[in-house]
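What follows is each chain in one-letter form.
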Amino acid sequence: MRRPATDVRTEGRSDVTETMAASTATPAAPIADAGWAARLPRRAWTPNRAGRAMAMCFYTPLRRGGALRLWLRLLLYRYGLGIFARSVYKLSFLHYAHWTVVRRLPGQRWRQPGYLLFESNYNGPWHNYIETFSSVVGGGISKILRTSAGFPGVVPVRAFKDYLEGHEYVLANYYSAYEGHPEASASVITAALDLSARFRRFAARAGRLGPGEFALAYARFLAEAQASLAGTPPRRVPRRWLASRARNLTVVAPIRPGQVPATTAALARHHAALPSPWCPLGDLHLGRWTVLDWAQVAARPGPVQPLEPPCLLFTAEIQGRRGPFIRRLVTLTAGAADEVWGGCEGWPGATRPRQAARFLRRRQVRSHLFFSAYGRYGPDDVRHALDGRRRILAFVEQAQGRSPADQLAAFRRLTEELRLERGA
Amino acid sequence: MLDLADIQGNILRGYSFRHARLLFLKLPAGAAGREVLADLTAQVTSAAPWGRDDRPSFAVNVAVTDAGLAALGVPAPVRSTFPEEFREGMAARASSLRDVAADQVQNWDDGWRRWESIHLLVSAYGDDGHALRRSRDQLVDRVRAAGGDLVVEEEGARLGPAGAPSTEHFGFVDGLSQPWLRAMADIDPGGAQGRQVLATGEVLLGHEDGEGFESVHPEPGVLGRNGTFLVFRKLRQDVDAFRRLCAEHGARYPGGPEEFAAKLMGRWPDGRPLAAEAGGGEPTFEDDRDGGRCPVGAHVRRVNPRRGFGADRQPFFDRHRMLRRGIPYGPAAGDGPAGGDRGLLFMCLCASIARQFEFVQGEWINDGNALGLADERDPVTASVHPAERRRMTIQGGPGRVPWLVAAVPRLVSVRGGAYFFVPSLGALRWLAGARDCEPGRVSLGVLP
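Residues numbered from 1 in each chain as written. Chains lettered and ligands numbered in written order. Predicted model: local features only at pLDDT ≥ 70, side-chain atom pairs only at ≥ 80, totals over all residues. Heavy atoms only, no water.

Visitor: Would you take a moment to explain the overall build of chain A for this structure?
Guide: Looking only at helices and strands, chain A has 14 helices and 10 strands in total. Looking at chain A as a whole, 57% of its 424 residues are labelled buried. Here the analysis covers contacts within chain A between residues at least 6 apart in sequence; of these, 82% occur between residues at least 24 apart. Carbon and sulfur atoms make up 54% of the accessible area of chain A, which amounts to about 17700 Å² in all. (Helix = DSSP H or I, 4+ residues; strand = E, 2+ residues; numbered from the N terminus. Buried < 20%, exposed > 50% of the residue type's maximum accessible area, 1.4 Å probe, protein only. Contact = heavy atoms within 4.5 Å. Areas by Shrake-Rupley, 256 points an atom, 1.4 Å probe, with all protein chains shown as cover.)

Listed below in structure tokens is the structure:
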């Protein structure tokens, strides 16, 4: 779907009722000029937002010969020099991003030398994200995007923004495993993972110490962990991007004629549902569902071309291998999967899980470059780290300025609570 | 070369007058409103320099809201060339600013809840408060006689003795680290000494901005050159809460209450930086990236991170700088209990309200993510719910462990605010002479 005229990307997520009311996913109607009350922040439908995560789905036609050049460029970034990787790791607000060369969509009838599908999950307003992207990784991004038709360069940034807006899709459903933690931005998650790991190491040796030794060890722990107390420790750049255990999954399936409204409505219901029907998938970090019903054509600049039949694009960041994840998806969330893919050509139904899994597997498109901020940590690890961070910060706040004996007593209470919780 | 006679006087350099009266007026519609504006335009102080002997006794400047442009008869197609945030107004931009409900329009001061009626800001500055009062009375009478009204009025005065640096109510010297516009080098070659130099188009419309392109500006051209945008925000300061916080934490904090307060603010009360450079200049934070001297989340470092994230990031941060022109209001807080209404009439000037003011307020002050500060917010000026207690980390240094400030109460609250366009003198004359035009019939780029 095209982005609505009303810019909803900086606003808060709507409540269930409002989301349901907008379930047909049409752009929000302009608000009548009824005085300042009507112009207060609109609680509009915000499909590209899940908790603190914002999503961008960008699909752009490539120039002639661009597919090969882009493929080689992404390969170079993936296996080659780490300059681009280091720059991307500097972006502390980035959860995940992937770059995929798509040769042809199922419903595409026009000649076109391929497309670039770029999706990212970030925190903060869209405009700021683009400005930072342009400033910090502008060189690397330029080399990727100059294979695309009509790319104006990353500077001036306003022309770059106009270009991105012209190729951006609105998501129909956006799932985040961290939505229960309103503070869970990418930098908070990074900080929480680092702080929890440091605290575990400290706790393993500190419980046996006397008050005097504990005070010294505790001061050392605080000094070492201070970057994670406030914000973000510098992200470590893995030797290769593939070192992460996280994977990207991309599935494109054509939708049967007349089934778009039902599919969109189902996705909007899932977007609004609390808890989300996708919660049972413990290895799903973030998931996005987008109806692709138009596309730009490089050879025919101007109005966008309708895609007939439209396609359902499903992209997800998962922990572990894709095959087992797909099997769990069609068994643990069978009802939701039926609602979503039931309108797609050839969907066998989740009551036939082997065939349904095969349906999704065969419609996969492999990403060529994938960035993951959390490496080997799965959604459960992240949630535990976020909970632990709250506890640890509360403990540090209580302990400061107290006597070593009081600090040690508070520390033992905390470790006991954490142990009991883990046991539970 | 800048045309100083075309630029309003408080843009390039702040005034040093001790008193300010800010009149937020509703104009009569159409020709009567334009007549009022024409009268005012004749009195507006330009940026033309004055010497020690010919310093005027007062200065007047004018800014206009989107509703004001409409009242003056500026047709919708012209108004639509102004940025969206300006047309919507501050009250409607609470989500971009991340203002909590307590700081939103429904909780503003009485007059400010009628912000939609405000068309014009007339700011008058002078050293003689009584003379300023008389001028104000004459202007208000003139506006009322023409069918307009005074919607809100704010009165500001510098704190501290004459000649001394101006302070704000928490007791810190204010107005430091103002950037310097590149084009000012022609006028005052020594003025850039020790200051951050910004591209002129970061503040003045129609000039080259930080990207090397002409800044985005409204049309026709006369509106889009030598003007700027002004943000006004009335900030009430809770001096008692600030003192209690410093006393409570200062009793346990290793450096004591004064150092604790300085760590929140990022400067000592007399304006000295916490992270002073070896040469004595303004800090760049380049050698204090961990925040051991000036905490990463301290107020002055948040609103101007300088090179705290590396020299290569400074060009990006410089795109979010602005010129501040605020002045305190309310009586000075003595040493005893400091109840009462006092604070800062915050004003800043920038070429893009969204990119500069709203970004700083929403992302750097009211959030920590963009600065690598997770969910922490500005310890002094962030918008927080009255019952909320935010956290701040004071990083440790050699021989000192980090200190977590567990419960920073609400210290500053928003009592009103609006976005204005500060036209050039030429644009003011154009607006004062603008005729009512039917939408769609205006010829952009052609003066009436």
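Visitor: So what exactly am I meant to see when it comes to the overall build of chain B here?
Guide: The helix and strand inventory of chain B stands at 13 helices and 13 strands. Expected size for 448 residues packed as a compact globule is a radius of gyration near 22 Å; at 22 Å, chain B falls within 12% of this value. When the backbone C-alpha atoms are referred to their principal axes, chain B occupies close to 70 × 45 × 45 Å. Sequence-distant contacts in chain B: of pairs separated by 6 or more residues, those separated by 24 or more amount to 70%. When the 54 positive and 58 negative side-chain charges of chain B are each reduced to one mean point, those points stand 2 Å apart. (Rg over C-alpha atoms; globule rule 2.2 N^0.38 Å. Lys, Arg positive; Asp, Glu negative; His and termini not counted. Charge placed at Lys NZ, Arg CZ, Asp CG, Glu CD.)

Visitor: Explain unusual backbone geometry to me, please; I cannot follow it from the model alone.
Guide: The phi torsion of most residues other than glycine is negative, and most of the peptide bonds are trans. Of the consecutive residues A:Glu308 and A:Pro309, the connecting peptide bond is found in the cis state with omega at 5 degrees. Within the secondary structure, A:Pro309 is located in strand 9 (residues 305-319). Residues B:Glu219 and B:Pro220 are joined by a peptide bond in cis, for which omega reads 0 degrees. If you check the backbone angles, B:Arg306 has positive phi at about 50 degrees while not being a glycine. Within the secondary structure, B:Arg306 sits in the loop between helix 10 (299-303) and helix 11 (314-318). Despite not being glycine, B:Ala374 shows a phi value in the positive range, around 50 degrees.

Visitor: So what exactly am I meant to see when it comes to the side chain of A:Asn48 here?
Guide: All names here are of chain A. Here Asn48 shows up in the loop between helix 1 (16-21) and strand 1 (49-50). Looking at Asn48, its side chain comes within polar contact range of the main-chain nitrogen of Leu171, at 2.9 Å. Among all residues touching Asn48, those that are not within four sequence positions of it are Ala53, Met54, Ala55, Glu168, Tyr169, Val170, Leu171 and Tyr174. (Polar contact = N/O pair within 3.5 Å; in protein donor to acceptor, adjacent residues only side chain to side chain.)

Visitor: Quick question: what am I supposed to make of the confidence of the model for chain A here?
Guide: Detail in the predicted coordinates should be disregarded across regions flagged by low pLDDT. With 82% of its residues at a pLDDT of 70 or more, chain A shows a mean pLDDT of 81. Note on residues 4-45 of chain A: pLDDT is under 50 here. Beyond four places in sequence and across chains, it has 86 contacts. (pLDDT = per-residue confidence, 0-100.)

Visitor: Can you help me understand the sheet that holds strand 8 (residues 284-295) of chain A in this one?
Guide: Sheets are built from strands that pair by backbone hydrogen bonding, the pairs being arranged parallel or antiparallel. All names here are of chain A. Read from one edge of the open sheet, four strands run 6-8-9-7, paired in antiparallel fashion. In the strand order of this sheet, the two ends are held by strand 6 (173-176) and strand 7 (246-254), each with one partner. With strand direction ignored, the average angle separating the axes of adjacent strands in the sheet is 15 degrees. Both strand 6 and strand 8 contribute to a ladder of four bridges, which runs antiparallel. Within the sheet, the bridge partner assigned to Asn173 lies in strand 8 and is Trp289. Each of strand 7, strand 8 and strand 9 touches helix 10 (residues 322-332); the most contacted strand, strand 7, lies at about 55 degrees to it. (Pairing = 2+ DSSP bridges. Axes fitted to C-alpha atoms, helices over the stretch in contact; angles between N-to-C directions.)

Visitor: Could you clarify how one ought to interpret a nonpolar patch on the surface in this entry?
Guide: Together, A:Leu68, A:Trp71 and A:Leu72 make up an exposed nonpolar region whose accessible area comes to about 300 Å². Within the secondary structure, A:Leu68 sits in helix 2 (residues 66-79). (Patch = residues over 30% accessible without salt bridge, like charges linked within 9 Å, V, L, I, M, F, W, Y side chains within 5 Å. Salt bridge = Lys/Arg side-chain N within 4 Å of Asp/Glu carboxyl O.)

Visitor: Would you take a moment to explain a positive patch on the surface for this structure?
Guide: Residues and elements named next belong to chain A. On the surface, a cluster of positive charge is contributed by Arg321, Arg327, Arg352, Arg354, Arg358, Arg361 and Arg362. Looking at the positive patch element by element, the count peaks at four residues for helix 12 (residues 353-362). For Arg352, a relative accessible area of 43% gives the class partly exposed.

Visitor: What is the right way to read the packing of aromatic side chains from this model?
Guide: The geometry of an aromatic ring pair comes down to the distance between the two centres and the angle between the two planes. Here the structure, examined in full by the defined rule, presents 50 aromatic pairs over all chains. Ring geometry for B:Phe82 versus B:Phe421: centroids 5.0 Å apart, planes at 80 degrees, classification edge-to-face. Of the two residues, B:Phe82 sits in the loop between helix 4 (76-79) and helix 5 (84-88) while B:Phe421 sits in strand 13 (residues 412-422), which places them 339 residues apart along the sequence. B:Phe421 gets classed as buried once you look at its relative accessible area, which sits at 0%. These aromatic residues form a ring-pair network of at least three members: A:Phe199, A:Phe202, A:Phe214, A:Tyr218, A:Phe221, A:Phe395 and A:Phe411. (Phe/Tyr/Trp six-rings, centres within 6.5 Å; stacked < 30°, edge-to-face > 60°.)

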